[in-house]
Structure formats: C-alpha cells, structure tokens
Amino acid sequence: MAQFSENSIDLPAGISNQWVSVDNDRRQATLTLPFAADIEAVNAQLNQHPGSSDYDWEVKVNIKKMPNSQPELPLTTGNVIVVSSGKGGVGKSSVSVALALGVQQLGARVGLLDADIYGPSIPTMLGRDDHELVINERNKMVPMERFGVQVNSLGYLVKDDDATIWRGPMASSALQQLYRDTQWQPLDYLIVDMPPGTGDIQLTMAQKLPVTAAVVVTTPQTVALRDAEKGIAMFDKLNIPLLGVLENMSFYECSQCGHQEAIFGSGGGANIAASHGVELLAQWPLTTAFRDSLDHERPLLIEQPEHDFSQLIKQTAAKIAARIYHQADKNV
Ligand SMILES: Nc1ncnc2c1ncn2[C@@H]1O[C@H](COP(=O)(O)OP(=O)(O)OP(=O)(O)O)[C@@H](O)[C@H]1O
C-alpha cells in the first residue's frame, strides 16, 4: 500500500499541492487537475520543473463544476461559458466552435449552444445546416453530435422567425427553453454563442442563464473595441465573472510566406483588457486556413491538429478552463 506523504512538492506555477498525492518511497506522484488541461503539456511541465522532475507522474483530470451567476437554477450542464461580442462579424461564432472543439480535444465533455438569434450559424459551420430537430419520448430536444460535441441551436426553434421583432423576454425564454429542454448527456462545459451586441436582448438572455464565466471577443479595430467595452460593462453590471478578452483577427498571416500584417491595428485588445483589469486571453490571427475550414465544415483542429492555429486554439481552451477554476475558486 502506498504511503502518501504530507510533504508538499515544489510544483510549476498554476499547479497546486492540494491536487497531488505522493508515494515518496517509490517517487511516484499523481496529479488530478480540477479543470480540462493538455495532459501531455502538463506532464512535460512537471518533468522539466526542478522541484517535481524526479517524480514519476501520472496526470489525470476530474473537472469541477464551479459556482455560477444563478445559484438557484439547477446546473444541469457543466460550467457554462458565454461567448459574447459587442459587435457582429468579429468571429464570435467561429471562436465558440473552435473553443468547444478545443476543450473537447482536451478530453472534456462539451456542449455547444447556439443562441445567436440574429443568424444561428453554428450548424452551418459544423456541416449540419439541414439537421432536423428530434424530440425524444421525454419531450426533450436531442442535441446533434458533431466531432464529439453536443450541439443545439436556437435556429431549430425559431427557423422562420424574424429576429428584428424579438424582445429580450422572448429571446431569453427561448434560450432558457433550449438550455433546460435539451437532453444533454453529462457535460463538463457548455459553450454558449450569444447574439452580438449589448442591448436589452443580450442582457436579459445573459441574466437567465447560470453563467460560470464570460469571454468577450473583439477585433483590434477601434469600432469593435468600443463595443467590446460595452460588453465588459454589461457583464460587470450582471455580476458575471468575465474571464477576459479574446482578440480575433489580430493580424493577417500570409499562408505563403508567413508575413504578418496588423490590418485592423494593433494593441487594442491588450489596452481594453488592461484598462478594465481583465486578461487578454489570446490573440488569434486572421488566416485563410481557419476561414476555409469553417466554410467547408471541416474544423481545422480536427483536420489539421498539428497546425499552429490548432495548437493555439487548444492552448486558449486550456487557459480558459484553468482560469474558470482559479477565478471561481478565488471568489468562493
Ligand atoms: N481568425 C479568423 N481568420 C479568418 N477568418 C475568420 C477568423 N475568424 C472569423 N473568420 C471569418 O469571419 C466571418 C465572420 O465570423 P463569425 O460568423 O464567426 O462572426 P460573428 O462575430 O459570430 O458574427 P455574427 O455575430 O454576425 O454572427 C466568417 O466568415 C468566419 O469564417
């Protein structure tokens, strides 16, 4: 029987001794992370860190559900991450799809809820635009499964409706219905692609969901940044923890020569993140490969997992998963 030591190990930053059990006689240690993580990368970190490198490590993940903005609502899904943007067209849906696949590739059980009433595009991006909604014997919607992610979309509920006539309460009750009445298989994370903007509709929708954390997507362009700031203010007002800003289309990267050009300007995402005391979570380039993969329903992360952008998506997903844990842990 292994003897577990009370002694703590000098661990790399971000890894806590409370997740570690040690068999000092055998120099074996087990790390159980409470959030989705790239196990290979964490193993490499442990093996390179002087304080931990002389142990033989087993790294596991057991994802913890963190507190959310609606404690009175039963949390039928895992941690709910809303992806929002002040302005349309900045790549919010693309980011939602990529992050959902990113956390799924880290081994988490993931759902993706397309709540963009103005143009639910996720089924199109995932290649199931023609999907027909299935209702099971318990009167619940059956999510479609794409690349291991469970997906449901407001588009299935309100196919022919004109979003311009929607009001906050109407949109939020449709969203609640979609959240509650989908037969989600057990989930660790649910990513919600919100409608762009910060008006009454978005506010009411965000208020009705048990949100664990929010991510604001922006481009570095001044007009997008101004609207992103309104998004930050909205989550502040709703007391929803904002994880940070994800700057998309930060620079254009030529697929032929690798030349980078900041066509929408540079530094904007970092500036608004700093001025609001939140983190700049990532800067994603504007690339043909990413756009092409979305247009052809073949996600880059699945088709070309070794692509630099795929690696970046995975790193961003891991960072977000870790931040959700640390931020909520700090607030408890
Ligand atoms: N990093 C990127 N590189 C290349 N193309 C991108 C990138 N991000 C998004 N796009 C492309 O930009 C377009 C807009 O993206 P997307 O639909 O995700 O934006 P959105 O913010 O969700 O828009 P809306 O809110 O209006 O639905 C799409 O054609 C998408 O393929």
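Residues numbered from 1 in each chain as written. Predicted model: local features only at pLDDT ≥ 70, side-chain atom pairs only at ≥ 80, totals over all residues.

Named according to an unreviewed UniProt entry, the protein chain is Iron-sulfur cluster carrier protein originating from Idiomarina aquatica. In UniProt, the protein chain has this text filed under Subunit (unreviewed entry): "Homodimer." Listed in UniProt under the heading Function (unreviewed entry), the comment for the protein chain reads: "Binds and transfers iron-sulfur (Fe-S) clusters to target apoproteins. Can hydrolyze ATP." (UniProt positions renumbered as here; feature names shortened; annotations may be inferred.)

A.B. asks: Explain the overall build of the protein chain to me, please; I cannot follow it from the model alone.
C.D. replies: Helix and strand counts for the protein chain stand at 11 helices and 15 strands. For the protein chain, the C-alpha radius of gyration of 20 Å lies close to 20 Å, the compact-globule estimate for 332 residues. Every one of the 332 residues in the protein chain was classed for burial, and the buried ones make up 45%. Long-range pairs, those at least 24 residues apart, make up 76% of the contacts in the protein chain between residues at least 6 apart in sequence. (Helix = DSSP H or I, 4+ residues; strand = E, 2+ residues; numbered from the N terminus. Rg over C-alpha atoms; globule rule 2.2 N^0.38 Å. Buried ≥ 20, exposed ≤ 12 C-beta atoms within 10 Å, placed from the backbone. Contact = placed C-beta atoms within 7 Å.)

A.B. asks: What's the story with the sheet that holds strand β4 (residues 79–84) in this structure? I'm lost.
C.D. replies: The strands that make up a sheet are held in pairs by hydrogen bonds between backbone atoms, and each pair lies either parallel or antiparallel. A sheet is described by the order of its strands in space; here eight strands give the open sequence β8-β9-β5-β10-β4-β11-β12-β15, paired in mixed fashion. One side of each edge strand has no neighbouring strand; the edge strands of this open sheet are β8 (144–146) and β15 (279–283). Ignoring strand direction, the axes of neighbouring strands in this sheet form an average angle of 25°. Across five bridges, the pairing between strand β11 (residues 213–218) and strand β12 (residues 242–247) is parallel. (Pairing = 2+ DSSP bridges. Axes fitted to C-alpha atoms, helices over the stretch in contact; angles between N-to-C directions.)

A.B. asks: How should the sheet that holds strand β3 (residues 56–61) be read in this particular structure?
C.D. replies: Spatially, the three strands line up as an open sheet ordered β1-β2-β3, and their pairing is mixed. This sheet does not close on itself; its edge strands, each paired only once, are β1 (20–23) and β3. For this sheet, the mean inter-axis angle between neighbouring strands, taken without regard to orientation, is 15°. As paired elements, strand β2 (residues 28–33) and β3 share six bridges and run parallel to each other. Its bridge partner being in β3, Thr-30 is matched across the sheet by Glu-58.

A.B. asks: Hey, could you run me through the nonpolar core in this one?
C.D. replies: Most often, soluble globular proteins keep nonpolar side chains buried together rather than apart. Membership of the largest hydrophobic core comes to 88 residues, with the highest contact counts inside it found for Ile-81 and Val-192. Composition of this core by domain shows at least three residues from each of domain 1 (17–61) and domain 2 (79–331). In this view, Val-192 contacts Val-80, Ile-81, Val-82, Val-83, Leu-113, Ala-115 and Leu-209; residues no more than four positions away in its chain are not counted. (Core = buried A, V, L, I, M, F, W, Y, C linked by C-beta atoms within 7 Å. Domains from an automatic or database assignment.)

A.B. asks: Help me out: how do you make sense of the environment of Gln-18 in this one?
C.D. replies: Position of Gln-18 among the secondary structure elements: in the segment before β1. Between the C-alpha atoms of Gln-18 and Leu-31, which are 13 residues apart in sequence, the distance is 9.0 Å.

A.B. asks: Would you mind showing me how to read the domain arrangement of the protein chain here?
C.D. replies: Frequently, the measure chosen for interface size is the accessible area that the parts lose on association. Segmenting the protein chain into domains produces domain 1 (17–61) and domain 2 (79–331). Here domain 1 and domain 2 have C-alpha centroids that lie 31 Å from each other. The partner domain 2 presents 11 residues to the six residues of domain 1 that form the contact.

A.B. asks: Please explain unusual backbone geometry as it appears in this structure.
C.D. replies: As a rule of thumb, non-glycine residues mostly have phi less than zero, and peptide bonds are mostly trans rather than cis. Located in the positive-phi region is Arg-27, a residue other than glycine, with phi close to 55°. As for its placement among the helices and strands, Arg-27 is situated in the loop between β1 and β2. Judged by C-beta crowding, with 10 C-beta atoms within 10 Å, Arg-27 ranks as exposed. Residues other than glycine seldom take positive phi values, yet Met-249 does so here, at roughly 60°. Position of Met-249 among the secondary structure elements: in the loop between β12 and β13 (252–253).

A.B. asks: Sorry if this is basic, but what is going on with the site of the ligand here?
C.D. replies: Gly-88, Gly-91, Ser-93, Ser-94 and Arg-291 are the nearest of the 20 residues found near the ligand. Elements with a minimum of two residues in the shell around the ligand: α2 (92–105) and α9 (288–295). (Near = placed C-beta within 6 Å.)

A.B. asks: Sorry if this is basic, but what is going on with the pairing of strand β10 (residues 189–193) here?
C.D. replies: Note on strand geometry: in a regular strand, side chains alternate between the two faces of the sheet. The element β10 is largely enclosed, with a buried count of five among its five residues. The two faces of β10 match: Tyr-189, Ile-191 and Asp-193 on one face and Leu-190 and Val-192 on the other face are all buried. Two strands pair when backbone bridges link them, and strand β5 (residues 110–114) and β10 are joined in this way by five bridges, in the parallel orientation. Within β10, the residue paired with Leu-113 across the bridge is Val-192.

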